[in-house]
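Coordinate analysis (summary)
These are the residues of each chain, in order.
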Amino acid sequence: GQQVQQSPASLVLQEGENAELQCNFSSTATQLQWFYQSPGGSLVSLLSNPSGTKHTGRLTSTTVTKERRSSLHISSSQTTDSGTYLCAIDQGKLIFGQGTKLSIKP
Amino acid sequence: ETAVFQTPNYHVTQVGNEVSFNCKQTLGHDTMYWYKQDSKKLLKIMFSYNNKQLIVNETVPRRFSPQSSDKAHLNLRIKSVEPEDSAVYLCASLGVNQDTQYFGPGTRLLVL
């Protein structure tokens, strides 16, 4: 089965609301990363967070390794946050989830 | 700032044709990758190259072959495309002792 599962599959919010994205993984991971893929297709790394809590700007990631889950919190969402958020675990190669498509309405 | 370059952006071809996609990174990284992203947005690794040596070769069809002239370049050739090859192909690179891969903008392939 799918080693990395993300939820929800899609999320629609009003600008200014907070977004909460979830990632569950079935295998032990030495590294967990969150990526953002723009509507145009460009993929960029947001956070690398194997355990604990990390912040960057309006993003907060919390990974509980023993429970094999990670979350990505986006505070005060903006329309430019719209896109697909991908979670990936590193097992010598990156294994991606199917992503959460986030749409922020003005 | 883009540091992983891919060409072409988009390619339309017919079943049975040969296609080749280019990837170049200017980051001085030692490892490069090719990923396939299907219509459901699922990204799967196809190949990785480290110092011109293939170190990961997923169970992709034999019609796919990576080609590298130096550590800054990793091209992808598809010998005889099939409809299921329609997808976005993403190139990435990784530096030594780093944990973040840098991705190119992708090449979208449509096989008619």
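All residue numbers refer to position in the chain's written sequence, counted from 1. Numbering of ligands from 1 and lettering of chains from A proceed in the order in which they are written. Two thresholds apply to this predicted model, a pLDDT of at least 70 for residue-level local features and 80 or more for giving and counting side-chain atom pairs, whereas whole-chain, interface and lining totals are computed over all residues. Side-chain measures were taken over the full set of non-hydrogen atoms in the model, leaving aside hydrogen atoms and water.

**Observations concerning the overall build of chain B**
Quick reminder of the rule: We count a stretch as a helix when DSSP gives it H or I for four or more residues in a row; a strand needs E for two or more, and each element gets its number in order from the N terminus. Two things to know: the radius of gyration comes from C-alpha atoms, and the globule rule equals 2.2 Å times the number of residues to the power 0.38. Here a residue-residue contact requires only that any non-hydrogen atoms of the pair lie within 4.5 Å. Areas reported here follow the Shrake-Rupley algorithm with a probe of radius 1.4 Å; residue values treat only the protein chains shown as occluding. Charge counting follows a simple rule: Lys and Arg are positive, Asp and Glu are negative, and His as well as the terminal groups are ignored. Charge placement uses NZ in Lys and CZ in Arg. For Asp and Glu, CG and CD serve respectively.
Helix and strand content of chain B: zero helices and eleven strands. Along chain B, helices and strands appear, N-terminal first, in the series β-β-β-β-β-β-β-β-β-β-β. Its C-alpha atoms give chain B a radius of gyration of 13 Å, within 12% of the compact-globule value 13 Å for 112 residues. By its C-alpha atoms, chain B is 40 × 30 × 25 Å across when sized along the principal axes. For chain B, restricting intrachain contacts to residue pairs at least 6 apart in sequence, the fraction spanning at least 24 positions comes to 53%. Element-wise, carbon and sulfur atoms account for 46% of the exposed surface of chain B, whose accessible area totals about 5900 Å². A distance of 4 Å separates the average location of the 12 positive side-chain charges in chain B from that of its 10 negative side-chain charges.

**Observations regarding the interface of chain B and chain A**
Going by this rule: Buried area: the sum, over both parts, of the accessible surface (1.4 Å probe) that disappears when the two are put together. By convention in these notes, a salt bridge is any Lys or Arg side-chain nitrogen within 4 Å of a carboxyl oxygen on Asp or Glu. Within 3.5 Å is the distance limit for a polar contact, defined as a pair of N or O atoms, with the added protein rule that one can donate a hydrogen and the other accept it, and that residues adjacent in sequence qualify only through two side-chain atoms. Classification used: nonpolar for Ala, Val, Leu, Ile, Met, Phe, Trp, Tyr, Cys and Pro, charged for Asp, Glu, Lys and Arg, polar for all others including Gly.
Chain B puts 14 residues into the contact, and the matching count from chain A is 16 residues. Buried surface at the junction of chain B and chain A, summed over both partners, amounts to about 1400 Å²; 52% is from carbon and sulfur atoms. For the pair chain B and chain A, the number of links is zero salt bridges. Applying the counting criterion to the chain B and chain A interface returns one residue pair in polar contact (both at pLDDT 80 or more). For the side of chain B that touches chain A, a count of residues per class yields seven nonpolar, three polar and four charged.

**Digging into the sheet that holds strand β7 (residues 59–64) of chain A**
Residue and element names in this part refer to chain A. Selection criterion: Being paired, for any two strands, means DSSP has found at least two bridges between them. Axis geometry follows a simple rule: fit a line to the C-alpha atoms, using only the stretch in contact for helices, then measure angles between N-to-C directions, giving values from 0 to 180 degrees.
Strand order in the open sheet formed by five strands is β1-β3-β8-β7-β6, with antiparallel pairing between adjacent strands. Bordering the open sheet on either side are β1 (4–7) and β6 (52–56), each of which pairs with just one other strand. For this sheet, the mean inter-axis angle between neighbouring strands, taken without regard to orientation, is 15°.

**So, empty space enclosed by the protein**
Residues and elements named next belong to chain B. Inclusion rule: Each cavity reported here is a set of points on a 1 Å grid over the protein atoms alone in which a 1.4 Å probe fits but cannot get out, each pocket an open set with protein on both sides within 12 Å along at least five of seven lines, and each lining residue one with an atom within 4 Å of a point. Grid points are joined across faces, edges and corners, and a volume is the space filled by probe spheres set on the points.
A complete count under the given rule lists one cavity of 30 Å³ or more for this structure. If you trace the largest cavity, you find it lined by D30, T31, M32, Y49, N50, N51, K52, S68, D70, K71, H73 and L74. Grouping the amino acids of the lining of the largest cavity by side-chain chemistry returns three nonpolar, five polar and four charged.

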